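# Secondary and tertiary structure notes
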Amino acid sequence: MRYALTVLLLTALVFGQSAPAPVPSQSSTSIPVDQENARKAKAIIDQGIQALGGSTYLNWKTQTTEGRAYSFHRGEANSVGTQFWRFREFPDKERIELTPKRDVIEIFDGDKGYEVTWRGSRSLEQKQELDPYVRRHHYSLDIVLRTWLNQPGVALFYEGQKVAAQKETDQVTIMNAQNEAVTLNFDLETHLPVRKSFSWRDPTDKQRNVEEEIFDNYRQAEGIMTPYDYTRLFNGEMSAQSFLTAANYNVPLDPRLFDPHSGPDKKKKH
């Protein structure tokens, strides 16, 4: 069974019809830094972090979730959905168990990825399976809010009020010292993030691609607001969607969960 592409959709909602938020070009280094604008952007981001759970959100160590995931091709659903269980250890360890028997497993540890089945483990194909996951993880909401913001050289830009995911939002772009940028939209009423977008240029065809994530149906789980509905778009077309049924934080996880040689038959119940 080829579950790798299905699993890659799980990297963290109702589909928004708004156009992708503009992201500053990675070659743009001459944007003037307006201190008042930067202060406005920081205030909105800080408000969003507080809405997510404040220090509780910023300091969670493990996350466990379960639900059902769907994949899409050219905007059309191409599966009836896959049941999943997901285990994360911040910042870069992740395990995803698929099928009702939980016998197809994806494990990610930093820049390495594996698929584990009863046949054994195999390394994920670099370009088709691993690179997209590593890229999305690098630009993920948790990494941006918990890591990027603490790095030297980060720049913040407030871009006004925009409609995103059918909601009125404040739009902010965060750019790190490597000139990588992420645009976030925060709901004007709840202050929670509802959309995240970033762009990258394919090294092969040199085309610019835009990836978006929509977060919806937030529920509180142990003091942290968690989006139970998630949608991913690639160049404006829906590519993946997942719906959680449960979420927990700071549950102790056995280190063997992230060992690709443990196998489905050797893992303990969680």
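Keep in mind that what you see is a predicted model, and the values were worked out from it rather than measured.

### Comments concerning the environment of I45
- You can see I45 is positioned in helix α2 (residues 35-52).
- As for I45 and L184, which are separated by 139 residues in sequence, their C-alpha atoms are 8.8 Å apart.
- When near neighbours in sequence (up to four residues on either side) are disregarded, I45 contacts L145, L149, L156, V172, I174 and F186.

### Regarding the packing of aromatic side chains
- All told, the structure shown has 8 aromatic pairs when counted by the stated rule.
- The interplanar angle of 0 degrees and the centroid separation of 4.1 Å between the aromatic rings of Y139 and F198 together place this pair among those described as stacked. With a gap of 59 residues between them, Y139 in the loop between α4 (126-138) and α5 (141-146) and F198 in strand β11 (residues 193-201) connect regions that are remote in the sequence.
- Considering the side-chain rings of F215 and Y230, the 6.2 Å spacing of their centres and the 45 degrees angle between planes classify their relative orientation as tilted. Taken as a pair, F215 in strand β12 (residues 208-221) and Y230 in strand β13 (residues 224-234) lie far apart in primary sequence, 15 residues in all. Pair check on accessibility: F215 and Y230 agree, each one buried.

### Quick look at the nonpolar core
- Counting residues in each nonpolar core, the largest one holds 41 residues, and the members touching the most others are I45, Y57, L145 and I174.
- F87, L253, L257 and F258 belong to the second largest nonpolar core, which has 5 residues in total.

### Observations regarding α2
- The end-to-end C-alpha distance of α2, which contains 18 residues, comes to 26 Å, matching closely the 26 Å that a straight helix rising 1.5 Å per residue would cover.
- Within α2 the residues assigned to the buried category are A38, A41, I44, I45, G48, I49 and L52. In an axial view of α2, the angular spread of the buried residues amounts to 140 degrees, which keeps them on one side of the axis.
- The backbone nitrogen of E36 lies 2.9 Å from a side-chain oxygen of the residue at the head of α2, namely D34.
- A positive backbone phi angle near 140 degrees is found at G53, which sits one or two residues after α2.

### What about the confidence of the model for the protein chain?
- Mean pLDDT over the protein chain works out to 88, with 84% of the residues at or above the 70 mark.
- Below a pLDDT of 50 lies the segment residues 1-9, which in the model reaches 39 contacts outside its immediate sequence neighbourhood of four places, other chains included.
- pLDDT under 50 marks residues 11-31. Its contacts with residues more than four places away, or in other chains, come to 66 contacts.

### Looking at the environment of T173
- Among the structural elements, T173 can be located in strand β9 (residues 167-175).
- A relative accessible area of 0% places T173 in the buried class.
- Between the alpha carbons of T173 and A41 there is a distance of 8.0 Å; along the sequence they are 132 residues apart.
- A polar atom in the side chain of T173 sits 2.8 Å from the side chain of E159.
- Within the structure, the side chain of T173 is placed 2.7 Å from the side chain of T183, a separation counted as a polar contact.

### A word on the pattern of salt bridges
- Tallying each qualifying case throughout the model produces 16 salt bridges.
- Put simply, E213 and K196 hold a salt bridge, and the shortest N to O gap is 3.5 Å. On the criterion of sequence distance, the pair formed by E213 in strand β12 and K196 in strand β11 is long-range, its members being 17 residues apart. Note on accessibility: E213 and K196 belong to one class, buried.
- Put simply, R95, E97 and R102 are held in one network by salt bridges that share partners.

### So, the pairing of strand β4 (residues 93-98)
- Counting buried positions over the 6 residues of β4 gives 5, a clear majority of the element.
- In this structure, strand β3 (residues 82-89) lies alongside β4, joined through 6 bridges in antiparallel fashion. Note on β4: the bridge partner recorded for F84 is L98.
- Following β3, the chain reverses through 3 residues before pairing antiparallel with β4.

Reading the values: rules and limits
Residues numbered from 1 in each chain as written. Predicted model: local features only at pLDDT ≥ 70, side-chain atom pairs only at ≥ 80, totals over all residues. Heavy atoms only, no water. Helix = DSSP H or I, 4+ residues; strand = E, 2+ residues; numbered from the N terminus. Contact = heavy atoms within 4.5 Å. Phe/Tyr/Trp six-rings, centres within 6.5 Å; stacked < 30°, edge-to-face > 60°. Buried < 20%, exposed > 50% of the residue type's maximum accessible area, 1.4 Å probe, protein only. Core = buried A, V, L, I, M, F, W, Y, C linked by side-chain atoms within 4.5 Å. Expected span 1.5 Å × (residues − 1). Arc of directions from axis to C-beta. Polar contact = N/O pair within 3.5 Å; in protein donor to acceptor, adjacent residues only side chain to side chain. pLDDT = per-residue confidence, 0-100. Salt bridge = Lys/Arg side-chain N within 4 Å of Asp/Glu carboxyl O. Pairing = 2+ DSSP bridges.

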